[in-house]
Amino acid sequence: MNISEIIRTKRDCKELTTEQIEYFIKEYAYGNIPDYQVSSLLMAIYLNGMSEREILDLTITMSKSGEILDLSDIPGIKVDKHSTGGIGDKVTMVVMPLVASFGVPVIKMSGRGLGYTQGTADKLEAIPNFKVNLEMDEMIRNVKRIGIALMTQSENIALADKKLYALRDVTQTVESIPLIASSIMSKKIASGADKILLEVTCGSGAFMEDEFRARTLAETMVKIGNMAGKETIGVITNMNQPLGRFCGNALETMEAINILKGQGDYDVVEVCCVLGAYMLKMAGVGGSIVENMKVVQEKIDSGEGLAKFEELVQRQWGDTRVIKEPERLVTAKYKIPVVAEESGFVEKIEAKNIGQAVVNLGGGRMKKEDVIDYAVGIEVLKKIGDKVETGDTLMYIYANSEEKGKEQVEFLRKSYELTYEPVKKLKAILDVVEGV
Ligand code: URA
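A quick note: this is a predicted structure, and the numbers were derived from the prediction, not measured.

**Description of the overall build of the protein**
1) Next: Looking only at helices and strands, the protein features 17 helices and 13 strands.
2) Next: A globule of 436 residues ought to have a C-alpha radius of gyration of about 22 Å, and the protein, at 21 Å, matches this closely.
3) Next: Reported as C-alpha extents along the three principal axes, the dimensions of the protein are approximately 65 × 50 × 40 Å.
4) Next: Here the protein, with 436 residues, has 58% of them falling under the buried criterion.
5) Next: As displayed, the protein offers around 17,700 Å² of accessible surface, 50% of which is attributable to carbon and sulfur atoms.
6) Next: If you average the places of the 54 positive and of the 64 negative side-chain charges in the protein, the two averages end up 2 Å apart.

**A look at the site of the ligand**
1) Next: Every residue lining the ligand is accounted for by Tyr165, Arg168, Ile180, Ser183, Ile184, Lys187 and Phe207.
2) Next: Side-chain polar atom of arginine 168 to an oxygen atom of the ligand: 2.8 Å apart, as the coordinates give it.
3) Next: Serine 183 is positioned with one of its side-chain polar atoms (N or O) 2.7 Å from a nitrogen atom of the ligand.
4) Next: Here the ligand, which alone exposes 230 Å², has 90% of that area covered by the protein.
5) Next: Within the residue set of the shell around the ligand, elements represented by two or more residues are helix 8 (159–170) and helix 9 (177–190).
6) Next: For the shell around the ligand, the element with the highest residue contribution is helix 9, accounting for 4 residues.
7) Next: Of the residues contributing to the shell around the ligand, the split by class is 4 nonpolar, 1 polar and 2 charged.

**With respect to the environment of serine 154**
1) Next: Tracing the backbone through its elements, the reader meets serine 154 in the loop between strand 3 (148–152) and helix 8.
2) Next: For the pair formed by serine 154 and phenylalanine 130, sequence separation is 24 residues and the distance between their alpha carbons is 17 Å.
3) Next: Setting aside residues no more than four positions away along its own chain, serine 154 makes contact with Glu67, Met109 and Lys162.

**Here's the deal with the sheet that holds strand 1 (residues 79–83)**
1) Next: With mixed pairing, the 4 strands of this open sheet are ordered in space as 1-4-5-13. Of all strands in the sheet, those bounded by a partner on one side alone are strand 1 and strand 13 (429–433). Geometrically, the sheet is characterised by an average inter-axis angle of 15° between neighbouring strands, direction not taken into account.
2) Next: Here 5 bridges tie strand 1 to strand 4 (residues 195–202), and the two strands are oriented parallel to one another. Note on strand 4: the bridge partner recorded for aspartate 80 is isoleucine 196.

**Focus: the pattern of salt bridges**
1) Next: Counted according to the given criterion, the structure contains 32 salt bridges.
2) Next: Note that aspartate 161 is salt-bridged to lysine 187, the shortest N-O span being 3.0 Å. Residue aspartate 161 is found in helix 8, and its partner lysine 187 is found in helix 9; the two are separated by 26 residues along the sequence. With respect to burial, aspartate 161 and lysine 187 carry one shared label: buried.
3) Next: Note that arginine 215 and aspartate 431 form a salt bridge whose closest N and O atoms lie 1.7 Å from each other. Taken together, the residues span a long stretch of sequence, with arginine 215 in helix 10 (residues 211–227) and aspartate 431 in strand 13 at a distance of 216 residues.
4) Next: By relative accessible area, aspartate 431 is classed as partly exposed at 26%.
5) Next: In the salt-bridge network here, residues are joined through shared partners; they are Glu15, Arg53 and Asp57.

**Points about the pairing of strand 5 (residues 232–238)**
Looking along a regular strand, one sees side chains alternate from face to face of the sheet.
1) Next: For strand 5, the buried fraction is high: 7 of the 7 residues fall into the buried class.
2) Next: Neither face of strand 5 is left uncovered, since the one carrying Thr232, Gly234, Ile236 and Asn238 and the one carrying Ile233, Val235 and Thr237 both have all their residues buried.
3) Next: With 7 bridges joining them, strand 4 and strand 5 adopt parallel strand pairing. By the bridge assignment for strand 5, valine 200 is matched with isoleucine 236.
4) Next: For the segment spanning strand 4, helix 10 and strand 5, crossover handedness is right-handed.

**Quick notes on helix 17 (residues 402–413)**
1) Next: The end-to-end C-alpha distance of helix 17 is 17 Å, a good match for the 16 Å that 12 residues give at a rise of 1.5 Å each.
2) Next: In this structure, the buried residues of helix 17 make contact with strand 7 (334–339), helix 16 (351–360), strand 9 (377–380), strand 11 (393–399) and strand 12 (416–419).

**Brief notes about the side chain of lysine 78**
1) Next: Mapped onto the secondary structure, lysine 78 falls in the loop between helix 4 (52–63) and strand 1.
2) Next: A residue is classified by how much of its surface remains accessible, and lysine 78, at 6% relative accessible area, is buried.
3) Next: Engagement of the side chain of lysine 78 in a polar contact is seen with the backbone oxygen of leucine 71, the distance being 3.3 Å.
4) Next: Residues within four places of lysine 78 in sequence aside, it is in contact with Leu71, Ser72, Pro105, Ile107, Ala193, Asp194 and Lys195.

**What about the packing of aromatic side chains?**
1) Next: Considering all chains together, one arrives at 0 aromatic pairs under this definition.
2) Next: Cation over ring: lysine 187 sits above tyrosine 165, and NZ or CZ is 5.9 Å from the ring centre.
3) Next: Positioned above the aromatic ring of phenylalanine 102, the side-chain terminus of lysine 299 is 4.7 Å from the ring centre.

**Things to note about the sheet that holds strand 12**
1) Next: With respect to topology, 3 strands assemble into an open sheet ordered 10-8-12, the strand pairing being antiparallel. A single partner strand is all that each edge strand has here, and the edge strands are strand 10 (387–388) and strand 12.

**Thoughts on the domain arrangement of the protein**
1) Next: Partitioning the protein into structural domains gives domain 1 (3–49), domain 2 (79–325) and domain 3 (331–419).
2) Next: The distance between the C-alpha centroids of domain 1 and domain 2 comes to 31 Å.
3) Next: Each partner contributes residues to the interface: domain 1 has 13 residues there, and domain 2 has 12 residues.
4) Next: Interface of domain 1 and domain 2: buried area, both sides summed, is about 1,100 Å²; carbon and sulfur atoms make up 79% of it.
5) Next: Of all residues in domain 1, Tyr28, Leu42 and Tyr46 bury the most surface against domain 2, accounting for 53% of the area lost on that side.
6) Next: At the junction of domain 1 and domain 2, the tally comes to 1 residue pair in polar contact (both at pLDDT 80 or more).
7) Next: Listed by contribution, the elements that provide at least two residues to the side of domain 1 that touches domain 2 are helix 2 (18–29) and helix 3 (35–48).
8) Next: Examining the composition of the side of domain 1 that touches domain 2, we find that 7 residues originate from one element, helix 3, more than from any other.
9) Next: Across the side of domain 1 that touches domain 2, the residue classes break down as 9 nonpolar, 3 polar and 1 charged.

What counts and how
Residues numbered from 1 in each chain as written. Predicted model: local features only at pLDDT ≥ 70, side-chain atom pairs only at ≥ 80, totals over all residues. Heavy atoms only, no water. Helix = DSSP H or I, 4+ residues; strand = E, 2+ residues; numbered from the N terminus. Rg over C-alpha atoms; globule rule 2.2 N^0.38 Å. Buried < 20%, exposed > 50% of the residue type's maximum accessible area, 1.4 Å probe, protein only. Areas by Shrake-Rupley, 256 points an atom, 1.4 Å probe, with all protein chains shown as cover. Lys, Arg positive; Asp, Glu negative; His and termini not counted. Charge placed at Lys NZ, Arg CZ, Asp CG, Glu CD. Near = heavy atom within 4 Å. Polar contact = N/O pair within 3.5 Å; in protein donor to acceptor, adjacent residues only side chain to side chain. Nonpolar A, V, L, I, M, F, W, Y, C, P; charged D, E, K, R; others polar. Contact = heavy atoms within 4.5 Å. Pairing = 2+ DSSP bridges. Axes fitted to C-alpha atoms, helices over the stretch in contact; angles between N-to-C directions. Salt bridge = Lys/Arg side-chain N within 4 Å of Asp/Glu carboxyl O. Right-handed = clockwise from strand over helix to strand, strands pointing away. Expected span 1.5 Å × (residues − 1). Phe/Tyr/Trp six-rings, centres within 6.5 Å; stacked < 30°, edge-to-face > 60°. Lys NZ or Arg CZ within 6 Å of the ring centre and 35° of its normal. Domains from an automatic or database assignment. Buried area = accessible area lost by both parts, 1.4 Å probe.

As structure tokens, this is what we get:
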């Protein structure tokens, strides 16, 4: 077997065998196949797709390319949650403590931000002293003690995916359903949870911009999860505008705390309650999804979700004073308004531009090694369906360099499209995929 033959097979739209997939992943992980040949194969997969069987083989082989975690020491059904990435998505910081407040064990490994999306690990690190790099035994101890641990992804999980993802990032092969599905599901399968809840984002701020592709991605991942023996459900969420109001690390952490205090915007609260309701159901807790949404909301109203978040911050060495005094989170020097130059109703927001503006301000990474500025970000005041008068503030830019902040103003203003006709507010949840 050799890699040229594998590339030719995929180039000619034929199916790769299980052995060919195993060969490619193993040899690439060991450094025996050069990047230029794997780039060519990735592009062939991007253009010609893969069958369900090929995607399953790719996922399972990648999941075995690193450590497979064993969480059997932790009693109870462990449900993992994963988002396919979006703008202003602070849901993990809200949902996980809410679910843990029901006594359901919560272990969540999160990534760091790369490109225009931010990562939960960075957002948590915006809390002074918060430790996200937990060793496995520390994580297990914490979950046994307080029922929750939020941490960075173990470096040794799905090693082949790490190499492949870095290569996809620079070869324009990220937005491929087989490659995204296998990348995400290989890590989830190796992470040891019993069940998997997927937040599949859809819209101008997501990898999948239209509903058909988002649904196909959700169905593909749900099928793979189920075939791998882990019940999987996909909730398709609307990412045609940032979720909630803030984008940027410390700003999103502050917003997550405010949501747990009962002060969240309707869209982000709805997504948190729906995802929380499914996680509870999968863990065998509560009743129907509607009933579970109600009890999740009650945990916000009673402050029990916030108390669990505080326990988590304390257990992971963070400064718990940020809960009562969010101003202890780093704040930016400049707050620059983006003002509307015309009136109308907001019809469209180019959500990726907002993520990009956060990166331009220093709040994200273009390269893995980049150091980020936790304080910078964007506050979105006008969302789709809102009425705008000339002179209204559409957004605030939070910047530590006045020059960089001002550079974003025009870029962000142009991210809005207004119309004269009234526009309906967006539904936060587009669909749920289960039992595929
Ligand atoms: N997140 C991942 O982990 N992998 C992808 O391919 C896309 C998003």
